[in-house]
Amino acid sequence: MRRVAVTGMGVVSPLGNGASQAFAQARAGHSGVHCLQASFTDRLTAPLAATASFNGADHFEPPKLRMLDRVSQFALVAASQAVADARADFPQADRGRVGVFLGTGMGASQTSDDGYKTLYGDRSDRIKPFTVLMGMHNASAAWIAMEHAFCGPSLTYSTACSSSAVALGEALLRISGKYLPSQLRTQNAGPEPDAIWRGGGAGCWLRPNGSAKKLACGAAWRCCCFGAPANRKSNRPSADAAR
């Protein structure tokens, strides 16, 4: 079996946008949960949520932004961070052997929610023409592949809370079996319809000073770039430090 290494990371999360920032916030014991600022909070018993501080307009031009669900916006930004962090020489690579493996629990729930509101809340006879393209589960993987011209396998796994683990395992198997030299594996911790995360299962475990602590993490994207181990120095904390 071929050795596989994580060569780059990207994060968009309630703890920060960027791997270093999110890791530092987690190490410091900061929670991503906060009071939700939304028009419907007066109907909620506990208006608390873990939402990412993220504005798509800061990253995408209006024509493109109109075609991107919020979850795809997260994915594209996190993927770009991971590619940059990996310092991969993609122009010299065979793009047909570079793929995207993505895990998402619910896909583009913001688009689905907007569609229901338009049809049933506003009683409209039509929805956005891009609804299907924005709402399909594999939209994020497709956008990442197109953005970086990756022509290898572009696969999406949706198996509830295990989605990211499945995507990670499948990417690792492809590389370790020498099917592909590198993969971009992304995971979505949950939906963010109307900027509210409802449900459970998302979180990250750390053991600062030997004690286990769970930090709430609502809507987030974590992206890793995989490949053969590179002989270069890294300032990234080791796995032992993270534990």
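These figures come from a predicted structure and were not determined experimentally.

Secondary structure summary: the protein contains eight helices and ten strands in total. Taken across its 243 residues, the protein has 40% of its residues classed as buried. Counting contacts in the protein only where the partners sit at least 6 residues apart, residues at least 24 apart contribute 72% of the total. Accessible area of the protein: about 13,100 Å², with a carbon and sulfur share of 53%.

Moving on, we get to the pattern of salt bridges. In the structure shown here, the tally under the stated rule is three salt bridges. K117 is paired through a salt bridge with D113; the nearest N and O atoms lie 3.9 Å apart. Of the two residues, K117 and D113 are both situated in helix 4 (residues 109–121); the distance of four residues between them amounts to about one turn of the helix. R126 is paired through a salt bridge with D125; the nearest N and O atoms lie 3.4 Å apart. No difference in accessibility class separates R126 from D125, as the two residues are exposed.

Here the focus is the pairing of strand 5 (residues 98–104). Every other side chain in a regular strand lies on the same face of the sheet, so the side chains alternate between the two faces. Among the seven residues that make up strand 5, seven are buried, leaving the element largely enclosed by the rest of the structure. Across the two faces of strand 5 the burial is the same, with V98, V100, L102 and T104 and G99, F101 and G103 all buried.

Turning to helix 4, a few remarks are in order. Among the residues making up helix 4, those that are buried are S109, Q110, T111 and G115. Tucked into the core, helix 4 has its buried residues touching helix 3 (70–86) and helix 5 (131–135). Positive backbone phi, approximately 55°, marks R123, located one or two places after helix 4.

Our next topic: the nonpolar core. Residues V12, F54, L76, V100, I144 and F150 are the most contacted members of the largest nonpolar core, which totals 21 residues. Counting only elements with at least two residues in this core, the list comes to helix 3, strand 5 and helix 6 (139–148).

This part takes up the packing of helix 3 against helix 6. Relative orientation and spacing of two packed helices are given, respectively, by the angle between their axes and the distance between those axes. At a minimum axis distance of 9 Å, the contact between helix 3 and helix 6 shows a crossing angle of 40°. The angle between helix 3 and helix 6 falls in the class oblique. The handedness of the crossing between helix 3 and helix 6 comes out as right-handed. Facing V71, S72, A75, L76, A79, S80 and V83 of helix 3, the residues of helix 6 in contact are A139, S140, W143, I144, E147 and H148. Classifying every residue of the contact of helix 3 with helix 6 by side-chain character gives eight nonpolar, four polar and one charged.

This paragraph deals with unusual backbone geometry. Even without glycine at this site, R123 takes up a positive phi of about 55°. Within the fold, R123 resides in the loop between helix 4 and helix 5. The phi torsion at A149 lies on the positive side, around 55°, for a residue other than glycine. As for its position among the elements, A149 is in the loop between helix 6 and strand 6 (154–157). Looking at A149, the relative accessible area reads 39%, which means it is partly exposed.

A word on the confidence of the model for the protein. If pLDDT is low for a region, its predicted coordinates should not be looked at in detail. Per-residue pLDDT for the protein has a mean of 77; in total, 72% of the residues score no lower than 70. Within the protein, no element has a lower average pLDDT than strand 8 (residues 203–206), which sits at 28, and none a higher one than helix 2 (residues 62–65), at 95. Here residues 190–219 is modelled with pLDDT under 50, and outside its nearest four sequence neighbours on either side it reaches 83 contacts, counting other chains as well. In the predicted structure, residues 229–243 sits below a pLDDT of 50 and forms 18 contacts with residues beyond four places in sequence or in another chain.

This part takes up the side chain of T111. With respect to the element layout, T111 can be found in helix 4. Excluding anything up to four places from it in sequence, T111 contacts D69, T131, M134 and G135.

With 17 residues, helix 3 should reach 24 Å at 1.5 Å per residue; the first-to-last C-alpha distance of 24 Å fits that figure. Counted residue by residue, helix 3 has 13 buried out of 17 residues, so it is predominantly covered. Two or three places before V71, at the opening of helix 3, D69 has a side-chain oxygen 2.8 Å from that residue's backbone nitrogen. At the exit of helix 3 stands R87, carrying a positive phi of roughly 50°.

Rules used in this analysis
Residues numbered from 1 in each chain as written. Predicted model: local features only at pLDDT ≥ 70, side-chain atom pairs only at ≥ 80, totals over all residues. Heavy atoms only, no water. Helix = DSSP H or I, 4+ residues; strand = E, 2+ residues; numbered from the N terminus. Buried < 20%, exposed > 50% of the residue type's maximum accessible area, 1.4 Å probe, protein only. Contact = heavy atoms within 4.5 Å. Areas by Shrake-Rupley, 256 points an atom, 1.4 Å probe, with all protein chains shown as cover. Salt bridge = Lys/Arg side-chain N within 4 Å of Asp/Glu carboxyl O. Core = buried A, V, L, I, M, F, W, Y, C linked by side-chain atoms within 4.5 Å. Axes fitted to C-alpha atoms, helices over the stretch in contact; angles between N-to-C directions. Parallel < 35°, antiparallel > 145°, perpendicular 65-115°, else oblique. Left-handed = near helix turned anticlockwise from the far one by under 90°. Nonpolar A, V, L, I, M, F, W, Y, C, P; charged D, E, K, R; others polar. pLDDT = per-residue confidence, 0-100. Expected span 1.5 Å × (residues − 1). Polar contact = N/O pair within 3.5 Å; in protein donor to acceptor, adjacent residues only side chain to side chain.

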